[in-house]
Amino acid sequence: MVIDPGHGGKDIGCTDDKISEKNITLAVAYELAQLLEMEGANVILTRNGDYQPGQKIFLKRNNDIDERIAKAKENNADIFVSLHVNSSPKGNRAGAVAFYNEDTRLGKLLAQDIQRELRYIPDMVKRTSRPRSYYILNHLEMPAVVVELGYITADTDRQHLSDPMYHKKMARSICKGINSYFNNSHTVDISMNSELPVYERSIVEPVENDKLPNLYFVPKTKTRLFMATEEMTLDDTAQGTVKELARSALEQLVEGPRQIKQLSPCIPEGISFTDLKISGPLATVDLAVTNEEPGFMGSEGEWIAISSIACTLFEFPEIQQVQILVNGKKRKTLAGHMDISKPLTRKKAPLNKIPGGIMEGKKAKVAIVIDDLGQRNPEGLKEMISIDRPMTFAVMPNPEYSSRQAVQAAKRGYEVIVHLPMQPVKGKAKWLGPGAITSNMTAEEIRNQVRRDFAQVPYATGFNNHMGSLITAREELIRPVLEVAREKGFYVLDSRTSNQSKIIPLAQSMGIAYTQRDVFLDDVKSISHMKKQLELLADEALAKGSAVGIGHVGLGGKKMARAIKDIIPVMEAKGIELVYLSELLH
């Protein structure tokens, strides 16, 4: 096994005042190598000190990314694992992620096995594995992954990444994931998809002025969107041909958003657009890069910059491929990570266009939330936590078993949120349980109670409402709840128990990440009905790009678990991916 601690020497990678990527990746690599060797593996490190692979004394250094690839090939490695630390212009990014080349089946399986183990770290933000076009992954034939150990731009991740004990946790999880990969039976498949796209119209055909292309930018707020759109504005210099409009679009892309204040540029300072050539379906974009400092752009920032250029040009049906040059020449990467050695192809871009922007991955996404944890031995809990897919569990804050079940769920790799009891318009008080928010409380009483409730659920990252048709419909009652959520850094799921709910507009105005329930899955306690609701949820996701369903433990919980297990293969056959709720936030 070849383990690759990213960066090294003068190339420090991502950094802040106290920690640097090159040191973190080496520390985790040492721990991981020791664990794998104890399992009987032959482990080779691409570097075992603070230097760049390929560095020669008194001689010009070879390209270190090619040296890492050569190390894997010359040792005939069974797998290759590259360790990195990420940074992102998207402020809500956190958690470790295993990335793979979408054209290699075994690389995907290795990434999924590693990601499955990483999510068992209770205090790690839950994420799912993702395809991404890393140069190093695209140029290796053996199963290979890049594990981004966390985001140096996220406060919680930065604290974790500076902790040697956390390094050990991550190494153990990656080691377990590698063991799982080798213990499973996988058929060798390293085939690459070389099918070329087709195009239909002439490149000089004018684009109608009322159908201007969208430009792609980074949302400033937390959102499920990878990038959001703003329509291009027509300059006097743009005469209407595809080439002229595409050139104007790229100039505006680099300049930044003109109309929507909630967006920020995808192209960082130090990169500018200099030229565009179009030949048949291929657009060649020349970028001037003046910032060559190591670590000036993390892998995610690099991917966002490249994707924004490609997606903006793919707004023109005539353009099917985009080749990016740097300072007039072909380069392997833009800033050390993402592959630009070959054209980016519209058909293979792992991005899913939905209203308002794009999401990562070509699949529609479904988040399933299970309410009412915290009870003693709730029906269906045992069955729910045996479902080997990302799910989110909502835990009542004050029953005797709340803390225990929250910890159990987090350690089993599920996301945890608080299921906050709130007074309904109609209903029995005993249905609420202790710690409920009621209409006779003052704003300060509500804030204090919410703080106590949130503190009762370990590892929670957000909340949704239990009942609450009265509270959520009255701004003066729900605002104090959201104020504490903002103070805590929680997101909110509106369970939509009232058509008059004020949660979403208030969350938007207060800058709180949010989403809402699309389908109740078990309002009728029969498996046949639950399956119909899950199929409705799938249809919603395919139509909109994503959807959120809510089910329950307790009465009918075993049936709910059975329905979910039965419908998962159906969803996945339709190209739907199950994700954590936090991956679908607005």
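Anything mentioned here points back to the structure above.
Scope of this entry: the structure provided in the associated data block. As the structure is a computational prediction, the values presented were derived from the model and not from experiment.

Let's talk about the overall build of the protein
No. 1: Looking only at helices and strands, the protein features 15 helices and 25 strands.
No. 2: Here the protein has a C-alpha radius of gyration of 25 Å; the compact-globule value for 586 residues is 25 Å, and the two agree.
No. 3: C-alpha atoms of the protein, sized along the principal axes, occupy 75 × 65 × 45 Å.
No. 4: Here the protein holds 586 residues, and the buried ones make up 57% of them.
No. 5: In the protein, the proportion of contacts linking residues at least 24 apart, taken out of those at least 6 apart, comes to 75%.

Considerations on the pattern of salt bridges
No. 1: If you walk through the whole model with that rule in mind, you get 30 salt bridges.
No. 2: Here Asp113 makes a salt bridge to Arg116, at a shortest N to O gap of 2.8 Å. Pair noted here: Asp113 and Arg116 are both in helix H3 (residues 105–118), with a separation of three residues, about one helical turn.
No. 3: Taking the relative accessible area as the measure of exposure, Asp113 reaches 5% and is therefore buried.
No. 4: A salt bridge links Arg130 to Glu577, with the nearest nitrogen and oxygen atoms 2.8 Å apart. Placement of Arg130 in strand S5 (residues 130–131) and of Glu577 in strand S25 (residues 576–578) is noted, with a sequence separation of 447 residues between them.
No. 5: Salt bridges sharing common partners tie together Arg93, Arg132, Glu300 and Glu360.

Section: the environment of His167
No. 1: Tracing the backbone through its elements, the reader meets His167 in helix H6 (residues 164–183).
No. 2: Given the relative accessible area of 9%, His167 is considered buried.
No. 3: For the pair His167 and Tyr30, spaced 137 residues apart in sequence, the C-alpha separation works out to 9.8 Å.
No. 4: What His167 contacts, discounting residues up to four positions off in sequence, is Ile24, Ala27, Val28, His160 and Leu161.

Thoughts on helix H13 (residues 503–510)
No. 1: The complete set of buried residues in H13 reads Ile503, Ile504, Leu506, Ala507 and Met510. For H13, the arc enclosing every buried residue in end-on projection is 165 degrees, short of the 170-degree limit, so these residues lie on one face.
No. 2: Here the buried face of H13 lies against strand S20 (460–467), helix H12 (475–488), strand S21 (491–494) and strand S22 (514–516).
No. 3: Looking one or two places after H13, you find Gly511, whose phi comes out positive at around 75 degrees.

Digging into the sheet that holds strand S9 (residues 263–264)
No. 1: With antiparallel pairing, five strands are arranged side by side in an open sheet as S9-S7-S8-S16-S15. Each edge of the sheet is formed by a strand with only one pairing partner; in this case those strands are S9 and strand S15 (351–354).
No. 2: Relative to strand S16 (residues 357–360), strand S8 (residues 227–231) runs antiparallel, the two being bridged by two bridges. Of the residues in S16, the one forming a bridge with Met227 is Ile358.
No. 3: Each of strand S7 (214–219), S8, S15 and S16 is contacted by helix H8 (residues 299–313), which is oriented at about 160 degrees to S7, the strand it contacts most.

Examining H12
No. 1: A rise of 1.5 Å per residue sets the reference length of H12, with its 14 residues, at 20 Å; its end C-alpha atoms lie 20 Å apart and thus fit the reference within 8%.
No. 2: The set of residues buried in H12 consists of Leu477, Ile478, Pro480, Val481, Leu482, Val484 and Ala485.
No. 3: Of the surrounding secondary structure, the elements contacted by the buried residues of H12 are strand S19 (415–422), helix H11 (443–455), S20, S21 and H13.
No. 4: At the exit of H12 stands Gly489, carrying a positive phi of roughly 80 degrees.

Considering the nonpolar core
No. 1: In this structure, Ile136, Val285, Ile309, Leu313 and Leu334 are the most contacted members of the largest nonpolar core, which totals 78 residues.
No. 2: Ile136 has contacts with Asp4, Ile65, Arg68, Ile69, Phe80 and Val146, leaving out every residue within four places of it along the chain.
No. 3: Grouped together as the second largest cluster of nonpolar side chains are 62 residues, Val416, Leu420, Met530 and Leu578 included.

What about the side chain of Thr46?
No. 1: Take Thr46: it is sitting in the loop between strand S2 (44–45) and helix H2 (64–74).
No. 2: Polar side-chain contacts of Thr46 include one of 2.6 Å to the side chain of Asp4.
No. 3: Each residue touching Thr46, except ones within four places of it in the same chain, is listed here: Val2, Ile3, Asp4, Pro5, Tyr51, Pro53, Arg68, Lys71 and Phe80.

A look at the packing of helix H7 (residues 242–255) against H8
No. 1: With their axes 10 Å apart at the nearest point, H7 and H8 run at an angle of 150 degrees to one another. Regarding the angle of H7 to H8, the classification is roughly antiparallel. By crossing handedness, the relation of H7 to H8 is classed as right-handed. Every residue of H8 that contacts H7 at Ala246, Ala249, Leu250 and Leu253 is listed here: Ser308, Ile309, Thr312 and Leu313.
No. 2: The class makeup of the residues in the contact of H7 with H8 is six nonpolar, two polar and no charged.

Let's talk about the pairing of strand S6 (residues 144–151)
No. 1: Within S6, eight of the eight residues are buried, which leaves it mostly tucked inside the rest of the structure.
No. 2: Direction of pairing for strand S3 (residues 80–86) relative to S6: parallel, over a ladder of six bridges. Along S6, the bridge assignment pairs Asn86 with Tyr151.
No. 3: Here three bridges tie strand S4 (residues 97–100) to S6, and the two strands are oriented antiparallel to one another. In the sheet register, Ala98 faces S6, and the bridge partner there is Val147.

So, unusual backbone geometry
No. 1: For Asn327, which is not glycine, the phi dihedral falls at a positive 55 degrees.
No. 2: Examined against the element boundaries, Asn327 turns out to sit in the loop between strand S12 (321–326) and strand S13 (329–330).
No. 3: The backbone phi angle of Asp372 is positive, close to 80 degrees, even though this residue is not glycine.
No. 4: The residue Asp372 is located in strand S17 (residues 364–373) in this model.
No. 5: Look at Asp372 and you get buried, because its relative accessible area is 16%.

Rules used in this analysis
- Residues numbered from 1 in each chain as written.
- Predicted model: local features only at pLDDT ≥ 70, side-chain atom pairs only at ≥ 80, totals over all residues.
- Heavy atoms only, no water.
- Helix = DSSP H or I, 4+ residues; strand = E, 2+ residues; numbered from the N terminus.
- Rg over C-alpha atoms; globule rule 2.2 N^0.38 Å.
- Buried < 20%, exposed > 50% of the residue type's maximum accessible area, 1.4 Å probe, protein only.
- Contact = heavy atoms within 4.5 Å.
- Salt bridge = Lys/Arg side-chain N within 4 Å of Asp/Glu carboxyl O.
- Arc of directions from axis to C-beta.
- Pairing = 2+ DSSP bridges.
- Axes fitted to C-alpha atoms, helices over the stretch in contact; angles between N-to-C directions.
- Expected span 1.5 Å × (residues − 1).
- Core = buried A, V, L, I, M, F, W, Y, C linked by side-chain atoms within 4.5 Å.
- Polar contact = N/O pair within 3.5 Å; in protein donor to acceptor, adjacent residues only side chain to side chain.
- Parallel < 35°, antiparallel > 145°, perpendicular 65-115°, else oblique.
- Left-handed = near helix turned anticlockwise from the far one by under 90°.
- Nonpolar A, V, L, I, M, F, W, Y, C, P; charged D, E, K, R; others polar.

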